[in-house]
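Structural features, examined
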Amino acid sequence: MAWPVTEVLSKMLSFFIVALLVDRITGFDYDYVTCGSSLKLLNNHHNVRLHSHDVKYGSGSGQQSVTAVDSSEDHNSYWQVRGKTGIGCTRGEPVKCGQTLRLMHLNTRRNLHSHHFQSPLSHNLEVSAFGENGEGDEGDNWVIVCAGKYWSRKEKVKIKNVVTEYYLHVSGDTYGRPIHGQREISAYPSPSELNYWQAKEGIFIKPTSEPSSSGYHDEL
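Anyway, here's the lowdown on the structure attached to this text. Every value quoted in this text rests on a predicted model; they were computed, and no experiment measured them.

A complete count under the given rule lists two disulfides for this structure. Note on cysteine connectivity: Cys 97 is disulfide-linked to Cys 146, with sulfurs 2.0 Å apart. Taking the sign of the S-S torsion, -115 degrees for the link of Cys 97 and Cys 146, the bridge is left-handed. Of this pair, Cys 97 sits in the loop between β4 (79-83) and β5 (100-105) while Cys 146 is found in the loop between β8 (142-145) and β9 (158-161), placing the two residues 49 residues apart along the sequence. In this structure Cys 97 comes out as buried when scored by relative accessible area, which is 19%.

Below you can see the structure in the form of structure tokens.
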């Protein structure tokens, strides 16, 4: 028998709470962000986390809005790392610098997305959550821009949309109702201190075999 959606979400949230407690207790020590991991992304300049919810933009595309929030506890700020459109990625495989991927909002199962609509506050490019059940289009694809071989959890990275070639960005503009106090997320044409991001809280899937340079053992 199929579970109601609310029960499924409740079970997912309970899983995350337990897993996060285990992570903090055991001191999970794997350095890299991996495919299949679900994580929060911190904008280093404004100290806010990438967020979404089932609230549509009142202008532009009319798609699901993407914002940033101050709280580190909000369960609507989890994003799952997936392969680019039409191509999977191996669960637990570390994400390479320069790799193209999708970030799926865990609660609504829509992908982080950008296109050539104007963002409502800063008038950069709009960033939305798009698609159904994790499937959208090419505007869902983002490149991880970082300095090493793999995306390190300790490193600040930039996240660049493949279609627009603009960077995921927080200008600092703040919304009023119905999402009072949340920051606008937009896409910006050039690298900036305002578009650095770092992997923070989450469930990080450790690979069965690790990059030869890591020095870690294989067990979870």
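Having seen the model, we can carry on.
What follows covers the nonpolar core. Formed by 33 residues in total, the largest nonpolar core has its most connected members in Leu 50, Val 66, Leu 112, Trp 151, Leu 168 and Ile 185. Here this core takes three residues from strand β7 (residues 125-130), the largest share from any one element. Not counting the four nearest positions on each side in its chain, Leu 112 is found in contact with Leu 50, Val 66, Trp 79, Leu 103, Val 127, Ser 128, Gly 139, Asp 140, Trp 142 and Leu 168.

A few words on the side chain of Gln 198. One can find Gln 198 in strand β12 (residues 197-203). With a relative accessible area of 14%, Gln 198 lands in the buried category. Side-chain polar atoms of Gln 198 contact the backbone oxygen of Lys 154, separated by 3.4 Å.

Turning next to the packing of aromatic side chains. Each aromatic ring pair is characterised by the separation of its centres together with the angle its planes make. The tally for this structure, following the rule as stated, stands at two aromatic pairs. Between Tyr 30 and Tyr 32, the ring centres sit 5.5 Å apart and the planes meet at 80 degrees, which makes this aromatic pair edge-to-face. On the basis of relative accessibility, which here comes to 1%, the residue Tyr 30 falls in the buried class. Owing to a relative accessible area of 13%, Tyr 32 belongs among the buried residues under this scheme. It is Lys 40 that lies over the ring of Tyr 78; its NZ or CZ is 4.8 Å from the centre. Sitting over the face of the ring of Tyr 196, Lys 156 holds its NZ or CZ atom 4.7 Å from the ring centroid.

This brings us to the pairing of β5. Within β5, five of the six residues are buried, which leaves it mostly tucked inside the rest of the structure. In the sheet, β4 pairs with β5 via five bridges, with the strands oriented antiparallel. Paired with Val 81 across the strands is Leu 103, a residue of β5. Strand direction decides the pairing type here: β5 and β8, joined by two bridges, are antiparallel. Bridge pairing in β8 links Thr 100 to Val 143.

Moving on to unusual backbone geometry. With phi around 60 degrees, Asn 47 is a residue other than glycine that occupies positive phi space. Residue classification places Asn 47 among the partly exposed positions, given a relative accessible area of 48%. At Asn 133, a residue that is not glycine, the phi angle is positive and equals roughly 55 degrees. Turning to its location among the elements, Asn 133 is positioned in the loop between β7 and β8.

Thresholds, definitions, all that
Residues numbered from 1 in each chain as written. Predicted model: local features only at pLDDT ≥ 70, side-chain atom pairs only at ≥ 80, totals over all residues. Heavy atoms only, no water. Disulfide = S-S within 2.5 Å. Helix = DSSP H or I, 4+ residues; strand = E, 2+ residues; numbered from the N terminus. Buried < 20%, exposed > 50% of the residue type's maximum accessible area, 1.4 Å probe, protein only. Core = buried A, V, L, I, M, F, W, Y, C linked by side-chain atoms within 4.5 Å. Contact = heavy atoms within 4.5 Å. Polar contact = N/O pair within 3.5 Å; in protein donor to acceptor, adjacent residues only side chain to side chain. Phe/Tyr/Trp six-rings, centres within 6.5 Å; stacked < 30°, edge-to-face > 60°. Lys NZ or Arg CZ within 6 Å of the ring centre and 35° of its normal. Pairing = 2+ DSSP bridges.

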